[in-house]
Amino acid sequence: MVKSRTFLKKTRAGRVLKIVREHYLRDDIGCGTSGCTECWGAQEGQALESWSCNPQSSLCPQPHYLLPDTNILLHQIDILEDPVIRNVILLQTVLQEVRNQSAPIYKRIRDLISDHTKHFYTFTNEHHRETYVEQKQGENDNDRNDRAIRVAAKWCNEHMKKMTTDENHPQVIFITNDIKNKEKAIEEGVPAYTCEDYIKSLKANPELVDRLACLSDEGNEIESRKVIFPEHLPLSKLQQGIKSGAYLQGTFRASRENYLEATVWLHGDDEENGEIILQGLRNLNRAIHEDIVAVELLPKSQWVAPSSVVLQDDGQNGDDEEVKENTLKIAVNEKMLRPSGRVLGIIKRNWRPFCGMLSKSDIKESRRHLFIPADKRIPPIRIETRQASTLEGQRIIVAMDGWPKNSRYPNGHFVKNLGAVGDKETETQVLLLEHDIPHQPFSQAVLSFLPKMPWNITEEDMKNREDLRHLCVCSVDPPKCTDIDDALHYRELENGHLEVGVHIADVSHFIRPGNALDQESAKRGTTVYLCEKRIDMVPELLSSNLCSLRSNVDRLAFSCIWEMNHNAEILKTRFTKSAINSKASLTYAEAQMRIDSANMNDDITTSLRGLNKLAKILKRRRIDAGALILSSPEVRFHVDSETHDPIDLQTKELRETNSMVEEFMLLANVSVAKKIHEEFSENALLRKHPAPPPSNYEVLVKAAKSKNLDFKTDSAKALADSLDQVESPDFPYLNTLFRILTTRCMMQAVYFCSGMDKDFHHYGLASPIYTHFTSPIRRYADIIVHRLLAVAIGADSTYPDLTNKHKLADLCKNLNFRHKMAQYAQRASVTFHTKLFFKNKGIVNEEAYILFVRKSAIVVLIPKYGLEGTVFFEEKDKPKPRLTYDEEMPSLKVEDTEFHIFDKVKVKITLDSSNLQHQKIHMSLLEPQIPGVNVPTHSTSSNTDEPEKKRRKLEN
């Protein structure tokens, strides 16, 4: 049966078009219940169990299915995801509304539908002859959809009665929090309950009540009726104000140090204004970190300066906000004042599930408690739970539900218990969730696109591919590396020239555009390397097996091959898909040993020596062109084989072979960038590194001045030359310190689409064009580059998204975000393992160098551990020394002792566990000696540390 709908539409040109839409209705759409004799044979993907296994409900004692409306899916998704809730009917009407309103929730629902243990069934009511409803004249879309849901619920109930003559037939319960819709459903004979009433009726599962979202606008009577915050303006007024220029739009960035302060980074045309500072609860007006907000600029007379006061909101600051807000109002130099404003409303919320710990109420038997997020930029959240005693000392997840104007804190609900604080598995889970790292096991839909084993190269695979299995190819990687992306070969040609090849795993052969495997890889964006764990971008069968260029097995590759002279000048470049067979998988140490050994002269060793010789020439040429050789302290943990606890911590050692591999990877990336930009001038995926603004170099120039050095920073070449001039026979580590400090001045490198940008330059590499081609196992950007290159050389076919620059720009945005989050997660993993190391190590005294001088502290680097920390000279409950700060030098005088950048000091390192959630490495000064400032001598400190030893003994 076909229903037609006709309407008129006016075009921009003024023409009137008659639009006719056909809507097909069917009789063969099943109810979704296995074993239903009424619609037997019409079932596709039967999902509902014939006798529902939903838990016993005091409201509905007989077997039943649940049919939720749109708002239940949008706001109570945590309830639906609980293993207890099964056999749910999801209407097409409801799913369409959810899809339009929230892509993340829609994704979570799709995951529930694909989980066969949950028995969620999609009923296409909009195409069922008996459940389709036409919109009445004067009826709005929302009312029509509510009516469609009730009609479908009624049909399902009547249909269930026909399934059996037994009075105890399954019922379909309509779940809605819309009171009017619920009343209408009951009038029409449909059993209907609010979500809260139904969940509370599950007497055997009282813990489910904790997962109910708190949707009361009045703060659930948690607070007094006193209005704390100004009313948010409606979205229509905000958009109108932004359009007229009365308001500004930007991203809200909360401060880690001060919960009463934030900045708003402006969007679009307002970006030239940079950022606006906000101070005080009323001006922050319930915005959460990363929300998109509308702000009003305050008059200049009300502008403020950034505060240096550290204020952490631990949830105990109930009535002293006015006092604390006043502490911000201190006399400041007029030059320090910054454009200031206030939040008028929220354009887009960035709420997500937050990890943290419960702060149990002091009131006995209270169900209302505060949750303190691990991220200090998120305010405490009020939740109701009956499990407070169980959840104390645990890492938990809480979702935010709302923030009424009369409530000091937002309301939320408990979602999940992750495990005990400090436990390695729990803390790893927390850092993955907090940095939004996709880490769930690959779904069956994704795995279904993997090749069937056993796998071998076929004749079909060799089409448009060169057979290079005869070449002496080898790989050089870190120890225990299983995802080997790249391999090299070197040989002398008959014409006296040299041939060098970079062979990269042909991941794009296995991951085809648009399928589930491709979509998941694009979403993940990058492999994340933690201290004890690797979160793969692609399934292990590819990452550690079929795509990994292991030795003595045939593998598919994408090769970049150069003909060079002995001065490493490129005479010819060609690209080809290939088949290779690596002759050796070496570590950097093994490759170095071969190069250095006078007794080894086999083909692989000879190749390595040739490659190393050319790499040195290439590196020198890059440096002469202005490439920067920077430094950052990287650490490696030695782990106990049984406990997996870190037992030693040391900085990574770099050899010539590290540099050798790096040079050829850089050269391949530049060569490929040129090729894909030649072929796709508007659609090439490239990588750029913007030049830092001059202000970034202020600290570096001042540090150089303090050492009587004149640093030039007007170009990368001038900066590189300045760094090369840093020499001190008495202080050989000085050059490394300058390079570490220079790294801190740099901007972040980013992916971009060539058709959406004009500046391609890579500042750090001094290259006019650059991309990523050499690591497709662990970077999705490289897969796209492989596809572009394959089309450019005629080895593969193109597809629409590959040449859509807007879609490529969106992809780059996600890849940049994923890359940044992976870096943060990796650092967080190192930080956690470092704390674990010092917890087991106890007190450690080490030499350190000053990296930065602050007003009341020095930031030091400990080379032995690659560890950075702050020595504070003003600490709570301790006498304050006389401090004199010189911003120009910069220097800090503590009593009569002066500290400058790069001065050598000695510090005592301990783990401060006073805050269980935010344990931190504590550093205190040992040398130079300053009366009244230094920590006690070792003999005294051993006594003061006695309680700490006893505590550790008890914990162990």
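Treat the numbers as computed from the prediction; the structure is a model and nothing was measured. (Residues numbered from 1 in each chain as written. Predicted model: local features only at pLDDT ≥ 70, side-chain atom pairs only at ≥ 80, totals over all residues. Heavy atoms only, no water.)

## Here's the deal with the overall build of the protein
Then, in step 1: Assigned secondary structure in the protein consists of 25 helices and 38 strands.
Then, in step 2: For the protein, the accessible surface area stands at approximately 47400 Å², while carbon and sulfur atoms represent 48% of it. (Helix = DSSP H or I, 4+ residues; strand = E, 2+ residues; numbered from the N terminus. Areas by Shrake-Rupley, 256 points an atom, 1.4 Å probe, with all protein chains shown as cover.)

## With respect to the sheet that holds strand β11 (residues 292-297)
Then, in step 1: Read across the sheet, five strands follow the order β10-β9-β8-β11-β12 without closing on themselves; strand pairing throughout is antiparallel. Strand pairing shows two members of the sheet lacking a second neighbour, β10 (275-279) and β12 (341-348), which therefore form its edges. For this sheet the average axis-to-axis angle between neighbouring strands, irrespective of direction, equals 40°.
Then, in step 2: Direction of pairing for strand β8 (residues 248-254) relative to β11: antiparallel, over a ladder of four bridges. Along β11, the bridge assignment pairs L248 with V295.
Then, in step 3: Set on the sheet, helix α8 (residues 235-244) makes contact with β8, β11 and β12; between it and β12 the angle comes to about 115°. (Pairing = 2+ DSSP bridges. Axes fitted to C-alpha atoms, helices over the stretch in contact; angles between N-to-C directions. Contact = heavy atoms within 4.5 Å.)

## Some points on the pattern of salt bridges
Then, in step 1: Overall, the coordinates contain 50 salt bridges when judged by the stated rule.
Then, in step 2: E139 is the partner of R147 in a salt bridge, and the nearest nitrogen-oxygen pair spans 2.9 Å.
Then, in step 3: We classify E139 as buried; its relative accessible area is 17%.
Then, in step 4: Between R524 and E520 there is a salt bridge, and its shortest N-O distance comes to 2.8 Å. Within this pair, R524 and its partner E520 are both found in helix α14 (residues 516-524), separated by four residues, close to a single helical turn.
Then, in step 5: On the basis of relative accessible area, E520 is assigned to the buried category, the value being 16%.
Then, in step 6: The network of salt bridges with common partners includes R352, D375, R377 and E434. (Salt bridge = Lys/Arg side-chain N within 4 Å of Asp/Glu carboxyl O. Buried < 20%, exposed > 50% of the residue type's maximum accessible area, 1.4 Å probe, protein only.)

## Some details on helix α20 (residues 716-724)
Then, in step 1: For α20, the complete set of buried residues consists of A716, A718, L719, A720, S722 and L723.
Then, in step 2: Residues of α20 that are buried make contact with α19 (698-706) and α21 (734-745).

## Details of α21
Then, in step 1: Here α21 contains 12 residues, and its C-alpha end-to-end distance of 17 Å stays within 8% of the 16 Å for a straight helix at 1.5 Å per residue.
Then, in step 2: Turning to α21, its buried residues are L734, N735, L737, F738, R739, I740, L741, T742 and C745.
Then, in step 3: Tucked inside the fold, the buried residues of α21 contact α19, α20, β31 (844-853) and β32 (857-862). (Expected span 1.5 Å × (residues − 1).)

## With respect to the sheet that holds strand β36 (residues 897-900)
Then, in step 1: The three strands lie next to each other as β34-β35-β36, forming an open sheet whose pairing is antiparallel. Two strands close off the open sheet at either side, each with one partner strand: β34 (883-886) and β36. Going across the sheet, the axis of each strand differs from the next one's by a mean of 15°, ignoring polarity.
Then, in step 2: Bridge analysis of β34 against strand β35 (residues 891-894) gives four bridges, and the strand direction is antiparallel.

## Remarks on a negative patch on the surface
Then, in step 1: Side chains of E698, D886, E887, E888 and E898 sit close together on the surface and give a patch of like negative charge.
Then, in step 2: Mapped onto the elements of the fold, D886 is located in strand β34. (Patch = residues over 30% accessible without salt bridge, like charges linked within 9 Å, V, L, I, M, F, W, Y side chains within 5 Å. Lys, Arg positive; Asp, Glu negative; His and termini not counted. Charge placed at Lys NZ, Arg CZ, Asp CG, Glu CD.)

## A closer look at the side chain of E49
Then, in step 1: By secondary structure assignment, the location of E49 is in the loop between β2 (16-24) and β3 (64-68).
Then, in step 2: With a relative accessible area of 17%, E49 lands in the buried category.
Then, in step 3: At a separation of 2.9 Å, a polar atom in the side chain of E49 contacts the side chain of R86.
Then, in step 4: Engagement of the side chain of E49 in a polar contact is seen with the side chain of N87, the distance being 2.7 Å.
Then, in step 5: Residues in contact with E49, not counting those within four places in the same chain, are T33, S34, Y65, R86, N87 and H119. (Polar contact = N/O pair within 3.5 Å; in protein donor to acceptor, adjacent residues only side chain to side chain.)

## Side note on the pairing of strand β17 (residues 411-420)
Then, in step 1: Among the 10 residues that make up β17, seven are buried, leaving the element largely enclosed by the rest of the structure.
Then, in step 2: Looking at chain direction, strand β16 (residues 394-402) and β17 are connected through eight bridges and run antiparallel. In the sheet register, V398 faces β17, and the bridge partner there is F414.

## Regarding the environment of E653
Then, in step 1: Relative to the elements of secondary structure, E653 occurs in the loop between β28 (646-651) and α18 (656-679).
Then, in step 2: Note on E653: relative accessible area 57%, which makes it exposed.
Then, in step 3: Taking the C-alpha atoms as reference points, E653 and A589, 64 residues apart in sequence, are found 9.7 Å from one another.

## Regarding unusual backbone geometry
Then, in step 1: With an omega of -5°, the peptide bond between M453 and P454 qualifies as cis.
Then, in step 2: Along the chain, P454 falls in the loop between α13 (444-447) and β18 (466-467).
Then, in step 3: Each neighbour pair has its own omega, and for M889 with P890 the value is -15°, a cis peptide bond.
Then, in step 4: Here P890 lies in the loop between β34 and β35.
Then, in step 5: Positive phi, normally seen in glycine, also occurs at H119, with a value near 55°.
Then, in step 6: Topologically, H119 is positioned in the loop between α4 (103-114) and β5 (120-123).
Then, in step 7: For N285, which is not a glycine, the phi torsion comes out positive at approximately 45°.
Then, in step 8: Among the secondary structure elements, N285 is positioned in the loop between α9 (281-284) and β11.

## A word on the packing of aromatic side chains
Then, in step 1: In the structure shown here, the tally under the stated rule is 13 aromatic pairs.
Then, in step 2: One aromatic cluster is present, formed by F711, F738 and F902 through successive ring pairs.
Then, in step 3: Above the plane of the ring of F442 lies R524, whose end atom (NZ or CZ) is 3.9 Å from the centre.
Then, in step 4: The ring centre of F752 lies 5.5 Å from the NZ or CZ of K688, which sits over that ring. (Phe/Tyr/Trp six-rings, centres within 6.5 Å; stacked < 30°, edge-to-face > 60°. Lys NZ or Arg CZ within 6 Å of the ring centre and 35° of its normal.)

## Thoughts on the packing of helix α3 (residues 92-101) against α4
Then, in step 1: Between α3 and α4, the shortest axis-to-axis distance is 6 Å and the interhelical angle comes to 140°. Taken together, the axes of α3 and α4 lie oblique to each other. Between α3, through L95, V98, R99 and Q101, and α4, the contact on the second element is made entirely by A103, I105, Y106, I109, R110 and I113.
Then, in step 2: Residue composition of the contact of α3 with α4, grouped by class: seven nonpolar, one polar and two charged. (Parallel < 35°, antiparallel > 145°, perpendicular 65-115°, else oblique. Nonpolar A, V, L, I, M, F, W, Y, C, P; charged D, E, K, R; others polar.)

## Regarding the pairing of strand β6 (residues 171-175)
Then, in step 1: Counting buried residues along β6, four of its five residues qualify, which places the element largely inside the surrounding structure.
Then, in step 2: Examined bridge by bridge, β3 and β6 share five bridges and lie parallel to one another. Within the sheet, the bridge partner assigned to H64 lies in β6 and is Q171.
Then, in step 3: Two elements, β6 and strand β7 (residues 192-193), share two bridges in a ladder whose sense is parallel. Across the sheet, residue I175 finds its bridge partner in β7, namely Y193.

## Looking at the environment of H819
Then, in step 1: One can find H819 in helix α23 (residues 805-841).
Then, in step 2: On the basis of relative accessibility, which here comes to 21%, the residue H819 falls in the partly exposed class.
Then, in step 3: C-alpha of H819 to C-alpha of V750: the two residues are 69 residues apart in sequence and 9.1 Å apart in space.
Then, in step 4: Those residues in contact with H819 that lie beyond four places of it in its chain are T526, R687 and Q748.

## A closer look at the nonpolar core
Then, in step 1: Residues F664 and L685 are the most contacted members of the largest nonpolar core, which totals 89 residues.
Then, in step 2: Apart from residues no more than four positions distant in its own chain, L685 is found in contact with I676, Y751, F752, T771, A781, I784, V785, L788, L808, C812 and L815.
Then, in step 3: Within the second largest apolar cluster, 53 residues are counted, among which are V84, C195, L202 and L212. (Core = buried A, V, L, I, M, F, W, Y, C linked by side-chain atoms within 4.5 Å.)

## Description of the confidence of the model for the protein
Do not read the predicted coordinates in detail wherever pLDDT is low.
Then, in step 1: Confidence in the prediction for the protein averages 86 pLDDT; 87% of positions are at 70 or higher.
Then, in step 2: This stretch, residues 217-224, has a pLDDT under 50; its non-local contacts, to residues over four places away or in other chains, come to 21 contacts.
Then, in step 3: Of the regions scoring below 50 in pLDDT, residues 318-331 engages in 19 contacts with residues more than four places distant in sequence or in other chains. (pLDDT = per-residue confidence, 0-100.)

## A word on the environment of V894
Then, in step 1: Looking at the secondary structure, you find V894 in strand β35.
Then, in step 2: A C-alpha to C-alpha distance of 6.6 Å links V894 and P881, two positions 13 residues apart in sequence.
Then, in step 3: Beyond its immediate stretch of four places on either side in the chain, V894 contacts F873, P881, R882, L883, F899, I930 and V933.

## Topic: the packing of α18 against helix α22 (residues 780-792)
Then, in step 1: Contact geometry for α18 and α22: axes closest at 9 Å, N-to-C directions at 60°. Taken together, the axes of α18 and α22 are oblique relative to one another. Here the hand of the crossing between α18 and α22 comes out left-handed. Seen from α18, the contacting residues are V672, K675, I676 and E679; seen from α22, they are V785, L788, L789 and A792.
Then, in step 2: Residue classes in the contact of α18 with α22 are distributed as six nonpolar, no polar and two charged. (Left-handed = near helix turned anticlockwise from the far one by under 90°.)

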